[in-house]
Amino acid sequence: MIVSIVLFTSDLRVHDHPPLRAALDGATAVVPLFVRDRAVDAAGFAAPNRLAFLADCLADLDTNLRARGGRLIVRSGDLVEEVCRVVAEADADEVHMSAGYSSHAQRREDRLRHALEERGVRLLVHGGVGSAVAPGVVTPASSDHFAVFTPFFRHWSQQRLREALAAPRAVRVPDGVASEALSARSDVADVSPGLARGGESLGREGFTAWLRAGVSVYDEHHDDLPGDATSRLSPHLHFGTLSAVELLHRLRKKQGPGPAAFVRQLAWRDFYQQVLAARPDASCSDYRSQQDVWRGTQEAQEDIAAWREGRTGYPVIDAAMRQLRHEGWMHNRGRLLTASFLTKTLYVDWRIGAQHFLSLLVDGDIANNQLNWQWMAGTGTDTRPNRVFNPLAQAKRHDPDGVYTRRWVTELEGLKGPAVHEPWKLPQLERAAYRYPDPIIDLADGLNRFRRAREGARKQAA
Ligand code: FAD
């Protein structure tokens, strides 16, 4: 009997799963395994919202495997040690897994390969499972990765996608391999009250609904804050309960500017993955340094706390930060505005903002989060590093009637229409009745400080 292990990581699905398909094709029995990796907890990456969503995903994966005659084996501890233990228990011949591109994933893969080799067991790593086009497949002539999105997108769009694989009909798991009990989302403390539920079944339903109604007008409405007209599929893409390859195949059957704009957003994921694969240090170091000397955490302590807690006195910024805390998710326009406010208006290091986002975002992802933060801070791949979003102008444009802002900043719900964006314009007495803070900074002062700092850094570097 040939036994293979399929090590699930960020690919928690049965549809379009190349490692699962390869294992089933080559073996008589397969052990579907998930290891709750102690190193992820130790690195501080195990945020409650993601752990709760993960619990849903694992429960659904187990259900989907049981429907095919199998089950999910769950272990926790050091990933390499646990895989080796299961190899011994199942007398396995090979291990299949999807490629990961962060420095953590690459180190983990190296350690696992080495440990398995010592036991005479092969590790087969499958690329292009988490992304549509794997990092390194499209590269410019002169470098190992694209540093600018537009040329990347041109090449990416011309790639032929692999076929999307159907879910297996049957999964046979060998006897005698023990599993820990699955944890439930209710076991996790400090979860955001409005957190979405996870799992492949819900992800597939969500995508089907999105294809039916939503994607056709995505190009027109994706920046509309109150309309909430984006797919909300990001946690599913992060946990791999949806396959980007399958999504693209299904999207290509749709015509029009809506699906085209959505495909472009999916390309951004692949863009940032190929940047991170080539420059793993970009998760914590500037990708393109502007020689910033950010305000010290001591000096900016109160501003940082006000930003985190949604009490900056700029209603649209506070609305977005409160949405993040309540749902573990934030609209993309909100992410851009709050990141611009922290890094450019308050001139606080992007790493502080990125860390706060990672502590709450259900889709919190090293490539997408750190590199979007760097894009906004001007230390990343944006070709206009000094770009600043004015929160007032942006609020009037993307939340013209103030509906989104009032939804989250409930103390201002009595302020009708766009007046909600400028409570400081109210007469003093009326203003006091709202119990909403005054702005923590004058926007022009913030902008001048930022410009002076960048100019000074530029002169010093010259
Ligand atoms: P949709 O608009 O429906 O887009 C579809 C999918 O395309 C998304 O699910 C996502 O996978 C991808 N996508 C869209 N925009 C981007 C983008 N700018 N970069 C990379 N991929 C994109 N996205 C994350 O998945 N995880 C993060 O941790 C994350 N952190 C961010 C931090 C900042 C400061 C900013 C500005 C953006 C961040 N994003 C992150 C990107 C983007 O905001 C989210 O992917 C998007 O808001 C998710 O909502 P949605 O699924 O409804 O998106």
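Reading the values: the criteria
Residues numbered from 1 in each chain as written. Predicted model: local features only at pLDDT ≥ 70, side-chain atom pairs only at ≥ 80, totals over all residues. Heavy atoms only, no water. Helix = DSSP H or I, 4+ residues; strand = E, 2+ residues; numbered from the N terminus. Rg over C-alpha atoms; globule rule 2.2 N^0.38 Å. Buried < 20%, exposed > 50% of the residue type's maximum accessible area, 1.4 Å probe, protein only. Near = heavy atom within 4 Å. Polar contact = N/O pair within 3.5 Å; in protein donor to acceptor, adjacent residues only side chain to side chain. Areas by Shrake-Rupley, 256 points an atom, 1.4 Å probe, with all protein chains shown as cover. Nonpolar A, V, L, I, M, F, W, Y, C, P; charged D, E, K, R; others polar. Domains from an automatic or database assignment. Contact = heavy atoms within 4.5 Å. Buried area = accessible area lost by both parts, 1.4 Å probe. Salt bridge = Lys/Arg side-chain N within 4 Å of Asp/Glu carboxyl O. Expected span 1.5 Å × (residues − 1). Arc of directions from axis to C-beta. Phe/Tyr/Trp six-rings, centres within 6.5 Å; stacked < 30°, edge-to-face > 60°. Lys NZ or Arg CZ within 6 Å of the ring centre and 35° of its normal.

(A) Fine view of the overall build of the chain. Scanning the chain from N- to C-terminus turns up 20 helices and five strands. Against the compact-globule benchmark of 23 Å for 462 residues, the chain has a radius of gyration of 24 Å, which places it among compact chains. Seen through its C-alpha atoms, the chain measures out along the principal axes to roughly 80 × 50 × 45 Å. Per-residue burial for the chain yields a buried fraction of 54% across its 462 residues.

(B) Highlighting the site of the ligand. In the vicinity of the ligand, 28 residues are found, and the nearest of them are Tyr-218, Thr-230, Ser-231, Arg-232 and Asn-332. In the model, an oxygen atom of the ligand is placed 3.0 Å from a nitrogen or oxygen of the Ser-234 main chain. At 3.1 Å, a side-chain N or O of Asn-369 approaches a nitrogen atom of the ligand. If the ligand stood free it would expose 820 Å²; the protein chains cover 98% of that surface. Elements with a minimum of two residues in the shell around the ligand: α9 (234–239), α11 (257–278), α14 (332–345) and α16 (366–377). Ranked by residues supplied to the shell around the ligand, first place goes to α11 with six residues. Across the shell around the ligand, the residue classes break down as 14 nonpolar, nine polar and five charged. Taken domain by domain, the shell around the ligand gets at least three of its residues from each of domain 2 (131–161 + 201–278) and domain 3 (301–461).

(C) Local environment of the domain arrangement of the chain. Looking at the assigned domains, one finds that the chain contains domain 1 (3–129), domain 2 (131–161 + 201–278) and domain 3 (301–461). A C-alpha centroid distance of 25 Å is found between domain 1 and domain 2. Opposite the 18 residues of domain 1 that make contact, domain 2 presents 18 residues. Regarding the contact of domain 1 and domain 2, the summed buried area is about 1500 Å², with carbon and sulfur atoms giving 60% of it. Taken together, the connections running from domain 1 to domain 2 amount to zero salt bridges.

(D) Geometry of unusual backbone geometry. One non-glycine residue with positive phi stands out, namely Asp-16, at about 45°. Mapped onto the secondary structure, Asp-16 falls in the loop between β1 (3–8) and α1 (18–26). Residue classification places Asp-16 among the buried residues on the basis of a relative accessible area of 0%.

(E) Representation of helix α7 (residues 200–212). The end-to-end C-alpha distance of α7 is 18 Å, a good match for the 18 Å that 13 residues give at a rise of 1.5 Å each. All buried positions along α7 are accounted for by Glu-200, Gly-203, Phe-207, Trp-210 and Leu-211. Along the axis of α7, the buried positions cluster into a sector of 100°, meaning they face one direction only. For α7, exposure combined with an orientation more than 90 degrees from the buried face picks out Glu-205 and Arg-212. In this fold, the buried residues of α7 make contact with α3 (48–66), α8 (218–221), α9, α10 (244–252) and α11. Taken from the residues just after α7, Gly-214 is the one with a positive phi, measuring 140°.

(F) The arrangement of the pattern of salt bridges in detail. Overall, the coordinates contain 31 salt bridges when judged by the stated rule. A salt bridge links Glu-299 to Arg-295; its shortest N-O distance comes to 3.0 Å. Given the relative accessible area of 13%, Arg-295 is considered buried. With a shortest N-O distance of 2.9 Å, Glu-455 and Arg-458 are connected by a salt bridge. With Glu-455 and Arg-458 both in helix α20 (residues 443–461) and three residues apart, the pair spans about one turn of that helix. For Glu-455, a relative accessible area of 33% corresponds to the partly exposed category. Arg-458 sits in the exposed class, given a relative accessible area of 51%. One salt-bridge network, held together by shared partners, links Arg-75, Glu-82, Arg-85 and Glu-89.

(G) Representation of the packing of aromatic side chains within the structure. Considering all chains together, one arrives at 21 aromatic pairs under this definition. For the ring pair Trp-307 and Trp-373, a centre distance of 5.9 Å and an interplane angle of 75° mean the geometry is edge-to-face. Placement of Trp-307 in helix α12 (residues 301–309) and of Trp-373 in helix α16 is noted, with a sequence separation of 66 residues between them. For the pair Tyr-314 and Trp-424, a centre-to-centre distance of 5.4 Å together with 65° between the ring planes defines the contact as edge-to-face. Pair noted here: Tyr-314 is in the loop between α12 and α13 (315–327) and Trp-424 is in the loop between α18 (403–408) and α19 (428–433), with a separation of 110 residues, a long-range link. By relative accessible area, which is 23% here, Trp-424 ends up partly exposed. Counting every residue linked through ring pairs, the aromatic cluster contains Phe-146, Phe-149, Phe-152, Phe-153, Trp-156, Trp-268, Phe-271 and Tyr-272. Positioned above the aromatic ring of Phe-45 is the side chain of Arg-50, whose terminal nitrogen or guanidinium carbon lies 4.3 Å from the ring centre. Here the basic side chain of Arg-333 rests over the ring of Phe-389, its NZ or CZ set 5.4 Å away from the ring centre.

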